[in-house]
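# Structural characterization, general
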Amino acid sequence: MVSQVLQLLRQGVWAALTGGWYHDPEQSKFTNSCHLYLWLFLLLLPLALHLACPPSAVTALLYCSSVAVVFTTIKLVSYRLHLMFDEGEVVRPRPVRQREEPARDPEARGPRATDPKNLSSDRPAGTSGGKKEEAPASLATPPLRCSSRGHSPRSRHASPQLKMPAQETVDDLKDHCAQGEKEEDPESEEPRGEDAKQGQPGAQPQGHTSASQVPAQPARTSALFQGNRHRQIIYRVTSQQDSSVLQVISGPETSVQEEMSVDAMHVFIDGHGEVRSCYLKSGNQKEGSLQHPPSDSACVSQAREVQTSSSSTTTSESPDPSSGDPAVSALQQQLLLMVARRTQPETPRHVSPDLENSSSSSAQGKFNREQFYKFIIFPGKWIKVWYDRLTLLALLDRTEDVKENVLAILLSTLVSLLGFLTLSRGFCRDLWVLLFCLVMASCQYSLLKSVQPDPASPIHGHNQIITYSRPIYFCVLCGLILLLDAGAKARRPPSYAVYGLHLFSADFLQSARDHLIVFLCCFPAISLLGLFPQIDTFCTFLLEQIDMLFFGGSAVSGIASAIYSVGRSVSAAALLHIFCFSAVKEPWSTQHIPALFSAFCGLLVALSYHLSRQSSDPTVLLSFIQCRFFPKSLHQNLEESASDPLPQKMKDSVKDVLRSDLIVCSVAAVLSFAVSASTVFLSLRPFLSVALFILAGTVGLLTHQLLPQLRKHHPWMWLSHPLLKSREYQQREVRDVAHLMWFERLYVWLQCFEKYILYPAIILNALTIDAFSISNYRRLGTHWDIFLMIVAGMKLLRTSFCNPVHQFLHLSFTVLFFHFDYKDISESFLLDFFMVSIVFSKLEDLLHKIQFVLTYVAPWQMAWGSSFHVFAQLFAIPHSAMLLFQTMATSVFSTPLSPFLGSVIFITSYVRPVKFWEKNYNTRRVDNSNTRLAVQIERDPGGDDNNLNAIFYEHLTRTLQESLCGDLLLGRWGNYSSGDCFILASDDLNAFVHLIEIGNGLVTFQLRGLEFRGTYCQQREVEAIMEGDEDDRGCCCCKPGHLPHLLSCNAAFHLRWLTWEVTRTQYILEGYSIIDNNAATMLQVFDLRRILIRYYIKSIIYYMAASPKLPSWVENEALLKALQPFAQWHHIERDLATLNVNVDDDYVPCLQGITRASYCNVYLEWIQYCAGKRQQPSKALDSDEDSPLVTLSFALCVLGRRALGTAAHNMALSLDAFLHGLHALFKGDFRVTARDEWVFADMDLLHKVVAPAIRMSLKLHQDQFTCPDEYEDPAVLYQAIQSFEKKVVICHEGDPAWRGAVLSNREELLTLRRVVDEGSDQYKVVMLHRGFLSFKVIKVNKECVRGLWAGQQQELIFLRNRNPERGSIQNNRQVLRNLINSSCDQPLGYPMYVSPLTTSYLGTHRQMKRVWGGPVTLDRLRAWLRARWLSMRKNGSAGQHSRGNIEDVDGGGAPAGGSYAPSGDSKDSSAEHPHKGGPQHWTASHEGAPRTGRRKGRSQSIQAHPALSQRPSTLSSSGPILESRQAFLQTSTSVHELAQRPSGSRLSLHTSDASLHSQPPPVTTTGHLSVRERAEALIRSSLGSSTSSTLSFLFGKRSFSSALVISGLSAAEGGNTSDTQSSSSVNILMGPSARAAGQATRHFSEPCDPTDAGEQGQLCDGRLAEAAENRGLVCRRASQEDMGLDDTASQQSASDEQ
């Protein structure tokens, strides 16, 4: 702990103050000396020049040129050295070797050339890890190159036996070998072969021989390290229980008898300490062999780059020793590994740390003497460089390319120039000069060796961008100081008075300059606190704030997005400035407004609307343009996204937005121009302004305060339930989308009125008044006044269009404050409104921060996470004053206020944009598409729960992308703004949603999915947000209860001390319900496994019979020849590891296997049924017992079962092995034995038959629990498999098809999941059913989220806290500390899924289209105008028909004859003929007239109703009804005939031959009339002389309304065609609102021309039934709207129909 604190103080605090310089004891003296002298040079050079030389241009030139030369030299040398390391080669001096006589080494060279099975190393062993020290002089055995500190295997610390784990391989050599020292040994030049030859006769294997048993030879010690010849060290392996023990048997001087011992490993080392070769002398091998060592040139080419870490650890990558010989056995690899590990002894405990860390430079020097690089100075001239890359990186930071080097040199020169100019102005004196020089030196030094990690660095490791931050900030501040000083010393500085403040005056500029100088002198302390972000983050934040505060934009997604947003806003303002300046440069009166100003108003509204509708991300528009005009460049991307329908849906949404903007902007510009030119704003002032203000305040209060509060879970934190409840509020299980409520419609329409009518009128009114005053009186000058007016108008309009939640508060405060309280300081209403909106945005941040701080430090709910929190709690009270100042300062600059290490001490972090995270971290799913096949088979990648469950959050992101924008506009998430954070909580899913950009019809968000099975702290916080407060009955310390529908006092108090609140309890989204069953439980019993095997075999038979390749398979002679054993009846398939009597239905116990007869006895019926269901009945296959079809199915079933047994490691009786084999086959890992290689004749036998069969069997096995005996019937089973094929996706979760199926919203999915939990395998059958999920929507204080995120970043990156149980992530229910911190980007947090920035458009929401009708496009506008025109024509024709009918009724005449059939004929043709079943002939009344679908349909809707002559009279009536009944029935036909006369050339009647001769039945005038008949009679009689008072007198309003309802529902109750047409004609005559019924009738009454009566009946009945339903709805609406009736039953019916 102490060392960690010291390291933090040295590398963090001190380095942040000095710009990167600190003394590192782990580095060499040369490195530390270079750092110190370089920093002193940069510090003392400007100080000396300032004190010694006058402040002249020569001095500045001398200083800048000196710094430029130094930086150019350093950067050039560093760049060339890194280039040398990248492209150069390592040169090693070639050792001088004496030639050996061939006769002296016969045994060593003979086997070397003849035995290819020996282990050899063709490459020099690499080195890695370990610190180097000089080897003691008393070592008797030369060290290997993998010796860490020069200790030889003969040293006393190496004597204990070294136990090596059996699972390690040669690949781990490079992780365990260390660099050793190499010396020369001239006395070790004895030939190896001579020793081996002498030692052959007496070779005796020895058991445990310790290295200490070899006598030391001090006389030869110094000479042993001077040879340059190969030396041999023999190792021996002995087995002790479960571990292999490696012992030194022989060194260079070991006896000859030990050298040739059995099971000895011979290792040969050259004079440089390289392992040249090795071989194993095993017991069954007469003698090992050696391969020829590689030549020196090979060594040079194979040499790897040697690297040195920060702790002077020299490492290098070594090639795999077994890579050259593929026949190397695992034992030999392990032996070679143990040789390398054996030479790295453990560090003695008594060695002091000083000895471990000391004098690494000398060791590096001795190492570098063995290899060097050629540093080319000039062509043909080079020098030797004994250095390595890591040592160079410890000395200087690396710059990747020439551009970065040039930028570093320019920045250092610019720092020198601006710093010296600032210093020469005399702003700093005495010690302030030294402090200023220190600041300047720290900025320059950071370009050479930066602070890593910087307090403001957002990422771990080296951050290249942060290197340039300090010098850029210094240059900007110095430039501002010089500009302000020049402005303050100007002769006549411009001065503008705004709100009583004299801007740009000499005093103002001088004060700003002095504050900047103080700020610059505090540069080291500010850098230490991490208040300077990296430069790209600061630029993004600055541009985002400019666009949001001054131009009304929203958040941005990056630096490119920020530049694009500000650029388009500035371009729009420049264009508007031209129009406005031309309009107001001359005075104008109130009676005439210039046309240019009206054009300016129209253009301002249109541009503001268009900008509010566009995303700040330019890639969206660029991709659309690229797809539209350059489709060839995106061919590959289109192919990749062809299977995903969502990107195309988003592109269509962007197209609709652009097309809609083209129309809406044009209309808005024209309307704004007209309103502005009408002089209404100047003529009606100030009354119009007052009326608009009152209306805006009232609508805003209702829309954004009352309605959201009434819909909250706890309105005003006092009520126990919402007053405006959704239909799903009390439902436990939701089966459909959320119902669209009336208050949601009201909320949308109020927002539309507020956005598009009210606030544009207010702003245009203010613009007109301000422009009129500017044209007559200039306040700040013409251009400044125009610029402020344009900026204010654009900002207010865009804010109103995007999110007018807080606009009514800003407007109300502006009116009250500047019109009543401080009217004298008011500039203009538009500018006042603009400034108040900026101030209120900062006040909103201040209120959020105060709520966060007070909730976090409240002593009665403090959740201490560590002992430090208890200690910090004592400093909370004295820290309060500073905390208040920080809270206000951070609110002004929009910076997070983070708790230090999770305690109650708050510190300020650096500024961040709304997006917060600088790095775009997105989760990448691991599946079979991005992993190797070998890894998929062996390790099952991505098998952890987090990777597999992340797909559900990805699907949730897609669902939100379609519905989020519409749900926000419907008010289902409450009030919202840019940067708000929400948590969606359900049973399994806990998603963190961050709203980033809020536009007009679009929302950009990011979703972070938390773990399903989180930590204990996460579960406690999830319980806090899921539990309710309705049952709390406490009041202080007692429990008196609470009033009905109100919360208790304790619950209300508790809700007010939270940084989160529940806004919605039943938020419905489309998703998947997850059901997972333990596979071990379902397959524990043998009977259940028997069922699975049975379905497995039946599925194989099904897929085989359904395959289109089946005829070719049964006719393939080669395949049938391979299957000949299966065709024999006496063949017995015995496989004890696969077949078992417990699980196989066709197993014969006496034969201990299965035969063809037993197989056919069980499965022949199913085979024949599947063969009979094939799609080609003409090619029927023989399916008897001796057919090739049965042979093939028998062979495939045996193959499938044998594959299952092989995957289960031939232990299928064991449950764990059976599940392992089942999972292997489920994911497609089939291990085919030699007996089943016939299947390779066609791979579709595996891919299309066996593989899907094992998956389908699992689905059938799951269903048998609900219906055990259902699948005994072959027909039911066959139909079930067919339906599952179409409806259910069954595959492994690693298959890319699984992800595609989930994202495509497939209805049902099934998989078998393997979960490794605490070392044990668990298998689960996971079933997904698409449905609707219910979420709780929790709104979290956004400043709480930003503060906790910033605290985690500083704690983990700069403070380097690696404690997994740190106090800052412990649960705190009041602020949800664990949930928020765990949602950080990895590696700071541990979210399961982090989505990319996703944009949701309003056009993709299904329910919003019913509210606002969808986007306005030319096609929809054309269709709407056409529909209106046709409706007008029809209504005009209906009016003429009605007038003609009235005349006929009054006259009592009924024209007959002609080509028109009476109502009785219509009845016969439409009702009688369908019952007879005969053919019907549809003819037109005018054969010569053109026939169209709409004309024909219209003719059907005005035929008479035949039911009037069919219904018996059951009711008695009297009075006017009896008098008018006969006249009504007589004129029913003539009414329609007269109605058809004006449009006879366009209309046609459908009659039949039989209808011409049929007669209507007699109609009686007595009896009872039904309600329907009474209604129709009244309507007919009202055409002549009846009035509404007569109708009310006869039936009453309620009875008449009920009659209309019944008439509208007649078609739905089974009425025939004429019934529907007649009821439609009645509805058309009712009133204006019934015109929609005519449209519906005209739409659904298209002509039918079927060839037979059956088709005619089906088509017409379908259309008329749908038309009848629409007519019924319209009729019910007409009965209420047109006649003003209040019928409760009809209202309920209409709501149900909706």
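Residues numbered from 1 in each chain as written. Predicted model: local features only at pLDDT ≥ 70, side-chain atom pairs only at ≥ 80, totals over all residues. Heavy atoms only, no water.

## A look at the environment of Ser812
With respect to the secondary-structure elements, Ser812 resides in helix 29 (residues 807–821). When the C-alpha positions of Ser812 and Ala696 are compared, they lie 8.7 Å apart, and in sequence the two are 116 residues distant. (Helix = DSSP H or I, 4+ residues; strand = E, 2+ residues; numbered from the N terminus.)

## Concerning the nonpolar core
Membership of the largest hydrophobic core comes to 79 residues, with the highest contact counts inside it found for Ile1101, Tyr1159, Leu1192, Leu1196 and Trp1238. The biggest single contributor to this core is helix 38 (residues 1086–1106), with 13 residues. In contact with Leu1196, not counting residues within four places along its chain, are Ile1100, Met1104, Trp1238, Leu1245, Val1249 and Val1250. In terms of nonpolar packing, the next biggest core, distinct from the first, is built from 66 residues, Leu724, Ile762, Leu830 and Ile838 among them. (Core = buried A, V, L, I, M, F, W, Y, C linked by side-chain atoms within 4.5 Å. Buried < 20%, exposed > 50% of the residue type's maximum accessible area, 1.4 Å probe, protein only. Contact = heavy atoms within 4.5 Å.)

## Quick word on the pattern of salt bridges
Per the stated rule, a full pass over the model turns up 39 salt bridges. Between Lys1109 and Asp1244 there is a salt bridge, with its nearest N and O atoms 2.5 Å apart. With Lys1109 in the loop between helix 38 and helix 39 (1110–1114) and Asp1244 in helix 45 (residues 1244–1263), the pair connects residues that are 135 residues apart, well separated along the chain. For Lys1259, the salt bridge identified is with Glu1308, shortest N-O distance 2.7 Å. With Lys1259 in helix 45 and Glu1308 in strand 22 (residues 1308–1317), this pair connects stretches of sequence that are 49 residues apart. Glu1308 matches Lys1259 in its accessibility class, with the two residues each being buried. Three or more residues are tied together by salt bridges with common partners; here these are Arg425, Asp485, Lys489, Arg513 and Asp514. (Salt bridge = Lys/Arg side-chain N within 4 Å of Asp/Glu carboxyl O.)

## Observations regarding the side chain of Asp967
Within the secondary structure, Asp967 sits in helix 34 (residues 945–969). Classification of Asp967 by relative accessible area gives buried; the value is 2%. Ignoring sequence-local partners within four residues, the contact set of Asp967 consists of Arg972, Trp973, Tyr1067, Leu1069 and His1405.

## As for the confidence of the model for the chain
With 67% of its residues at a pLDDT of 70 or more, the chain has an overall mean of 73. In this model, residues 341–368 is a region of pLDDT below 50 whose contacts with residues beyond four sequence positions or in other chains number 56 contacts. Predicted confidence is poor over residues 1581–1698, with pLDDT under 50, and the contacts of this stretch with residues over four places away or in other chains come to 170 contacts. (pLDDT = per-residue confidence, 0-100.)

## Structural notes on the packing of helix 26 (residues 687–711) against helix 27 (residues 742–776)
For any two helices packed against each other, one specifies the crossing angle of their axes together with the interaxial distance. Relative to each other, helix 26 and helix 27 sit at 150°, their axes nearing to 10 Å. On the basis of their axis angle, the class for helix 26 and helix 27 is roughly antiparallel. Read as a crossing pair, helix 26 and helix 27 show a hand that is left-handed. For the contact of helix 26 with helix 27, the class distribution of residues is 18 nonpolar, six polar and three charged. (Axes fitted to C-alpha atoms, helices over the stretch in contact; angles between N-to-C directions. Parallel < 35°, antiparallel > 145°, perpendicular 65-115°, else oblique. Left-handed = near helix turned anticlockwise from the far one by under 90°. Nonpolar A, V, L, I, M, F, W, Y, C, P; charged D, E, K, R; others polar.)

## What about the packing of helix 27 against helix 28 (residues 782–802)?
Look at helix 27 against helix 28: their axes get within 10 Å of each other, and the N-to-C directions meet at 175°. It follows from the interaxial angle that helix 27 and helix 28 lie roughly antiparallel. Judged by residue contacts, Lys755, Tyr756, Tyr759, Pro760, Ile763, Leu767, Asp770, Ala771 and Ile774 of helix 27 engage Asp785, Met789, Gly793, Leu796, Leu797, Ser800, Phe801 and Cys802 from helix 28. In the contact of helix 27 with helix 28, the residues fall into twelve nonpolar, two polar and three charged.

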